[in-house]
Amino acid sequence: MYGLLFEDNGLSTAQISSLFAVWSISAFVTEVPSGAWADTVPRRTLLFGSAALLTASFSLWMLVPSYWGFAAGFALWGLAESMKSGTFEALLYEELAALGAQSRYATVQGYVNSAEVTCVFLATLSAGPLYALGGYTLVGWVSIAITVADGLLVFTLPAAPRKVRVDRTDAAPDDDGTFVARYVRALRDGTGEIRTDRIVRRAVLLTAVLMSFLALEEYFALLARDGGASTAQAPLLVAITVVGQVVGAAVAGRTAGMSGRVMAVVLCAAAALIAVGALAGGVAGFVAIGIGYGALHNTGIVAEVRMQDAMSGSARATVTSVAGLTSEVASLALFAGFAVGSAWLSLSILVAAVALPVLSVAVAAPRMLPRSHHSPRVAG
C-alpha cells in the first residue's frame, strides 16, 4: 500500500516515481559490490543484514512520513535488496550442487518464488482489513514486525560452507590472502565471465530486462485507485495480479526448458494482456493484467535459471548481481518514463505502453535465451 501512502501524504505521480528512482539508484550503486561481497563472506550474514536494513526502512516511513523520510527509507531498501540479490540465488544453487541436485534448481527456485509471492498475496489481502482497523499506522507496524521475523528466519538456512568449488574464490581464507584480495578476485572473476562469455552475457541482459518489467507492479495500486477503487478496495484488485505471479512462479519448474521461440510467444501474449487490462480497468482488467504479469514473471525466472546454468565460474553471486544492476538501470528508465509521461498521459495509458518494450524483448528472446543445460554450449 505504500504507493497509496505516498499519494495520501500529498505526493504526485511524478514525485512517487522519483522515490522509486531513489530506490533503484540505491540498489544499482551497491548491487555489484554487494555481489562480490557475497562471494567473499558468509551469505547468511548478508541476508540477515538485508532484513535489518528493511526493518529500518519501513520504520523511517512510519516515523518520518514525508518525502525525504520516504526517500531515505527507499535508499535503505535499495541497499537491502542489493545485499540479497544474487546472494540467495547463489546460496540455493550451490547448496543443491553440493548435494548433486543442481538440476532441481529451476523447480526449487520456482517454489521459492511461488512461496514468496504467496506471502505477498496474503499480505495484500490483509492490507484492506488492517487499514480499516488502524489506517496506515497499523499496516506499517505490522509490516515492520514481519521484517523482523524475516531476519530471524535467515538463521534457519543451511550453514554449510560455500563449497561447490569452482576456483580460488571459495578457498579457505588462510590459503586465499586477505579479505580485500578475495573480494577483488571475486569481483574480477564475476565481471570477467560476463565479458568473455557471450552466452552468459546475453543471459544476464535478458534476465535483467525481464526482471525490470516487474517494477510495473509498483503502479498497480495507483491504477486501481484511478479506476475508482477505494483505499481499502485497491489491495483486493492488486491481489489478483499477485495470484498471477504465484501461478507463474509455481510452474517455473515445468517451463524451465522452454525454447527462445516459445518465450517470445509468451511475452507477446503477456504484453497484450497487460495493455488490454490496463485500459479496461475493473476486476476483468486486473484479471487480464494478472495473467499477463504472471506469464512475465515466469519468463524472468526461466531466464534466471538458464543464466545460472550457463555460468562456469565461482563468483556466481557477482554475476547474478550484475544482472540485478542492469535490471535496476532498466527499472529506473521505466520510472523516469512514468514520471515524465504522467504530465500528459493517464496512468492506464502509461501501464499499457509498457507492452511496447516487452514486445521488443520478445523479438530478441530467441537469440538471447541460452539453451537448456542439456544442450551443448560454446563460450566466446
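These numbers were taken from a predicted model, which means no experiment stands behind them.

Each helix and strand counted, the protein chain has 16 helices and 0 strands in total. In the protein chain, which comprises 380 residues, the proportion classed as buried is 52%. Counting contacts in the protein chain only where the partners sit at least 6 residues apart, residues at least 24 apart contribute 81% of the total. Only carbon and sulfur atoms are counted for the fraction: they give 68% of the accessible area of the protein chain, which is about 15900 Å².

As enumerated under the stated definition, the model contains 3 salt bridges in all. The salt bridge partner of E7 is R225, with a shortest N-O separation of 2.5 Å. Remark: R225 occurs in helix 9 (residues 220–226) and E7 occurs in helix 1 (residues 2–8); sequence separation between them is 218 residues. Among the residues examined, R225 registers a relative accessible area of 18% and is labelled buried. Note that K84 is salt-bridged to E81, the shortest N-O span being 3.9 Å. Taken together, the residues span about one helical turn, with K84 and E81 both in helix 4 (residues 67–84) at a distance of 3 residues.

Here we come to the packing of helix 3 (residues 43–63) against helix 4. As a packed pair, helix 3 and helix 4 sit with axes 8 Å apart at the nearest point and diverge in direction by 165 degrees. Judged by the inter-axis angle, helix 3 sits roughly antiparallel to helix 4. Judged by the twist between their axes, the crossing of helix 3 over helix 4 is left-handed. Across the interface between the two elements, L46, L47, G49, S50, L53, L54, A56, S57, F58, L60 and W61 from helix 3 touch G69, F70, A72, G73, F74, L76, W77, L79, A80, E81, M83 and K84 from helix 4. Split by residue class, the contact of helix 3 with helix 4 holds 16 nonpolar, 5 polar and 2 charged.

A surface patch of nonpolar side chains, about 560 Å² in accessible area, is lined by L279, V340, W344, L345 and I349. Turning to its location among the elements, V340 is positioned in helix 14 (residues 316–341).

Here the focus is the packing of aromatic side chains. Per the counting criterion, the structure on display carries 23 aromatic pairs. The interplanar angle of 90 degrees and the centroid separation of 5.2 Å between the aromatic rings of F58 and W77 together place this pair among those described as edge-to-face. Taken together, the residues span a long stretch of sequence, with F58 in helix 3 and W77 in helix 4 at a distance of 19 residues. The class for F58 is buried, based on a relative accessible area of 14%. With centroids separated by 5.8 Å and ring planes inclined at 10 degrees, the aromatic side chains of F74 and W77 adopt a geometry described as stacked. Pair noted here: F74 and W77 are both in helix 4, with a separation of 3 residues, about one helical turn. For the pair formed by F74 and W77, the shared burial category is buried. Feature note: the residues Y2, F6, F20, F58, W61, F70, F74, W77, Y219, F335 and F338 constitute an aromatic cluster, connected by ring pairs.

Here we take up the nonpolar core. Formed by 66 residues in total, the largest nonpolar core has its most connected members in F6, L210, M263, L267 and F338. Here the element with the most residues in this core is helix 12 (residues 260–280); it accounts for 7 residues. L267 has contacts with L210, L296, T299, V358, V361, A362 and A365, leaving out every residue within four places of it along the chain. With 12 residues, the next largest nonpolar core counts Y105, V108, A249 and V305 among its residues.

For the protein chain, mean pLDDT is 80; residues scoring 70 or higher make up 81% of the total. For the protein chain, helix 7 (residues 179–196) is the element with the lowest average pLDDT, namely 58, and helix 12 is the one with the highest, namely 92. Within the model, pLDDT remains below 50 along residues 161–175, and this stretch shows 29 contacts once partners closer than five positions in the same chain are excluded. Per-residue pLDDT stays below 50 along residues 374–380; that stretch engages in 11 contacts with residues further than four places along the chain or on separate chains.

Packing of helix 10 (residues 234–250) against helix 13 (residues 282–310) brings their axes to within 7 Å, and their N-to-C directions diverge by 30 degrees. Between helix 10 and helix 13, the interaxial angle falls into the category roughly parallel. Along this stretch, helix 10 crosses helix 13, giving a crossing that reads as right-handed. Touching L237, V238, I240, T241, G244, Q245, G248 and A249 of helix 10 are G282, V283, F286, V287, I289, G290, Y293, G294, H297, N298 and I301, all from helix 13. In terms of residue class, the contact of helix 10 with helix 13 is made up of 10 nonpolar, 9 polar and no charged.

This next bit is on the environment of A264. Structurally, A264 can be placed in helix 12. The buried category is assigned to A264, whose relative accessible area is 12%. Taking the C-alpha atoms as reference points, A264 and S360, separated by 96 residues in sequence, lie 9.5 Å from one another. Setting aside chain neighbours within four positions, we find A264 in contact with A362, A365 and P366.

Parameters and conventions
- Residues numbered from 1 in each chain as written.
- Predicted model: local features only at pLDDT ≥ 70, side-chain atom pairs only at ≥ 80, totals over all residues.
- Heavy atoms only, no water.
- Helix = DSSP H or I, 4+ residues; strand = E, 2+ residues; numbered from the N terminus.
- Buried < 20%, exposed > 50% of the residue type's maximum accessible area, 1.4 Å probe, protein only.
- Contact = heavy atoms within 4.5 Å.
- Areas by Shrake-Rupley, 256 points an atom, 1.4 Å probe, with all protein chains shown as cover.
- Salt bridge = Lys/Arg side-chain N within 4 Å of Asp/Glu carboxyl O.
- Axes fitted to C-alpha atoms, helices over the stretch in contact; angles between N-to-C directions.
- Parallel < 35°, antiparallel > 145°, perpendicular 65-115°, else oblique.
- Left-handed = near helix turned anticlockwise from the far one by under 90°.
- Nonpolar A, V, L, I, M, F, W, Y, C, P; charged D, E, K, R; others polar.
- Patch = residues over 30% accessible without salt bridge, like charges linked within 9 Å, V, L, I, M, F, W, Y side chains within 5 Å.
- Phe/Tyr/Trp six-rings, centres within 6.5 Å; stacked < 30°, edge-to-face > 60°.
- Core = buried A, V, L, I, M, F, W, Y, C linked by side-chain atoms within 4.5 Å.
- pLDDT = per-residue confidence, 0-100.

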